[in-house]
Amino acid sequence: VTGRLPEAEVLQPAAVELLAAIRDHLNLPLYAEGDETARQAWADLQALRVADVVASLDGLLTVSARDARDVVASFRAFAAEATADYTTSEMPR
Amino acid sequence: VTRPALASALHVALSQPEPTGPECYLCGSVTGPWLPDPSGARWPSGAQMLFCSRGCPESAEDTEHAAAKDTPRGASTLDSDVLGLLAAIRDAIDVPRAVLTTADEEARYHLLHQRAVSVRIALNSVIDRGAGLAGVIERLTERTADDPVDYAVWVPTSDGDAP
């Protein structure tokens with residue numbers, strides 16, 4: 001987790017870690033321009049990551065009893081499994 | 001479940017008749033929730049192949065996937081304002097499925113990307129700049145409304161056809 005928070009907006013460490021994990025989970029490298037296979041793989045991976053975030057947030061919000069740290073661990077495990085295995089762009093995200 | 005094991009399971013599933021409705025291709029559960037298989041594999045009709053997102057109910061040890069979710073445990077450790085932000089994030093990215101046309105699926109991919117960018121901007125504000133949660137939630141909600149669903153949405157039929 002990087003960045004800082006002013007004292008007036010200090011969040012719980014678990015909350016900051018969770019928010020950062022969500023940001024990382026949704027942050028995929030762009031596909032190489034003109035590579036249709038990479039573009040489709042990127043789109044599919046994005047949909048998969050988004051679905052994982054939604055499912056995890058459903059768990060936190062509707063059941064409201066799940067520990068945020070479990071969700072962070074779940075994101076990391078999922079990201080390690082569903083990686084960007086397509087040709088990526090040189091351009092910044 | 002390892003990737004070769006999943007690939008094998010996919011191969012076996014595809015040798016069987018396509019289910020008439022959404023169900024996990026590993027265990028056949030029709031109760032969900034599911035996630036699309038990471039490989040992007042589809043049934044002959046074009047419907048996405050799904051697996052239980054929280055682990056298959058009867059053989060969890062054999063079918064546990066990295067995306068599997070534990071059953072809830074422990075008390076929520078998050079403040080209500082953080083939960084408000086999480087709800088806004090979910091609302092932003094929980095976009096409906098599109099009907100099975102290339103144009104509509106492309107439009108959904110585009111919207112997902114736009115909404116994900118909005119979420120990342122919101123999270124950057126909170127994490128890196130210490131922005132107040134109330135303002136971030138308000139702006140994220142506005143950005144979500146500014147990027148409405150503009151494709152044909154898949155509507156489940158009575159016989160449970162998957163998109």
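Residues numbered from 1 in each chain as written. Chains lettered and ligands numbered in written order. Predicted model: local features only at pLDDT ≥ 70, side-chain atom pairs only at ≥ 80, totals over all residues. Heavy atoms only, no water.

Draft legend 1. Quick peek at the overall build of chain A. Within chain A one finds three helices and zero strands. Shown N-terminal to C-terminal, the secondary structure of chain A runs as helices and strands in the order α-α-α. Put simply, chain A has 93 residues, and 46% of those count as buried. Long-range contacts, defined as pairs at least 24 residues apart, comprise 69% of the intrachain contacts of chain A with a sequence gap of at least 6. For chain A, the accessible surface area stands at approximately 4,400 Å², while carbon and sulfur atoms represent 50% of it. (Helix = DSSP H or I, 4+ residues; strand = E, 2+ residues; numbered from the N terminus. Buried < 20%, exposed > 50% of the residue type's maximum accessible area, 1.4 Å probe, protein only. Contact = heavy atoms within 4.5 Å. Areas by Shrake-Rupley, 256 points an atom, 1.4 Å probe, with all protein chains shown as cover.)

Draft legend 2. Main features of the overall build of chain B. Across its full length, chain B carries five helices and two strands. The order of α-helices and β-strands along chain B, N terminus first, is α-β-β-α-α-α-α. Buried residues in chain B amount to 39% of all 163 residues. Sequence separation of at least 24 residues holds for 58% of the intrachain contacts in chain B that already meet a minimum separation of 6. Of the roughly 8,200 Å² of accessible surface on chain B, 52% is carried by carbon and sulfur atoms.

Draft legend 3. Geometry of the nonpolar core. Core analysis: the largest hydrophobic core is formed by 64 residues, its most contacted members being A:Leu18, A:Leu19, A:Ile22, B:Leu86 and B:Ile89. Of all the secondary structure elements, the ones that give two or more residues to this core are α1 (13-25), α2 (36-63) and α3 (68-81) of chain A together with α1 (3-14), β2 (50-52), α3 (80-93), α4 (102-129) and α5 (133-146) of chain B. Broken down by element, the residue count for this core peaks at eleven residues, all from α2(A). Those residues in contact with B:Ile89 that lie beyond four places of it in its chain are A:Leu19, A:Ile22, A:Leu57, B:Val119, B:Leu123 and B:Leu140. (Core = buried A, V, L, I, M, F, W, Y, C linked by side-chain atoms within 4.5 Å.)

Draft legend 4. Examining a nonpolar patch on the surface more closely. All names here are of chain B. Together, Val149, Val153 and Val155 line one region of the surface with nonpolar side chains, adding up to about 220 Å² of accessible area. Position of Val155 among the secondary structure elements: in the segment after α5. Val155 gets classed as exposed once you look at its relative accessible area, which sits at 58%. (Patch = residues over 30% accessible without salt bridge, like charges linked within 9 Å, V, L, I, M, F, W, Y side chains within 5 Å. Salt bridge = Lys/Arg side-chain N within 4 Å of Asp/Glu carboxyl O.)

Draft legend 5. Here's a closer look at the environment of B:Gly46. Residues and elements named next belong to chain B. Structurally, the position occupied by Gly46 is in the loop between β1 (34-36) and β2. Given the relative accessible area of 16%, Gly46 is considered buried. Between the alpha carbons of Gly46 and Leu100 there is a distance of 7.5 Å; along the sequence they are 54 residues apart.

Draft legend 6. Inspection of the confidence of the model for chain B at higher detail. All names here are of chain B. On average, residues of chain B carry a pLDDT of 77, and 75% of them reach 70 or more. Here helix α2 (residues 60-63) stands out as the least confident element of chain B, with mean pLDDT 36; α5 is the most confident, with 94. Contacts from residues 59-75, a stretch scored under 50 in pLDDT, to residues over four places away or in other chains number 41 contacts. Here the predicted complex carries an ipTM of 0.82, next to a pTM of 0.65. (pLDDT = per-residue confidence, 0-100.)

Draft legend 7. Molecular detail of α5(B). All names here are of chain B. Its 14 residues place the ends of α5 20 Å apart at the C-alpha level, agreeing with the 20 Å of an ideal helix rising 1.5 Å per residue. Restricting attention to buried positions, one finds in α5 the residues Leu133, Val136, Leu140 and Thr144. End-on view of α5: buried residues confined to an arc of 70°, all on one side of the axis. Of the exposed residues in α5, the ones pointing more than 90 degrees away from its buried face are Ala134, Ala145 and Asp146. On its buried face, α5 is in contact with α3 and α4. (Expected span 1.5 Å × (residues − 1). Arc of directions from axis to C-beta.)

Draft legend 8. The arrangement of the confidence of the model for chain A in detail. All names here are of chain A. Taken as a whole, chain A shows an average pLDDT of 79; of its residues, 82% reach a score of 70 or greater. Within chain A, α1 carries the highest mean pLDDT (91), whereas α3 carries the lowest (80). Contacts for the low-pLDDT stretch residues 1-8, under 50 throughout, to residues beyond four places or in other chains number 20 contacts.

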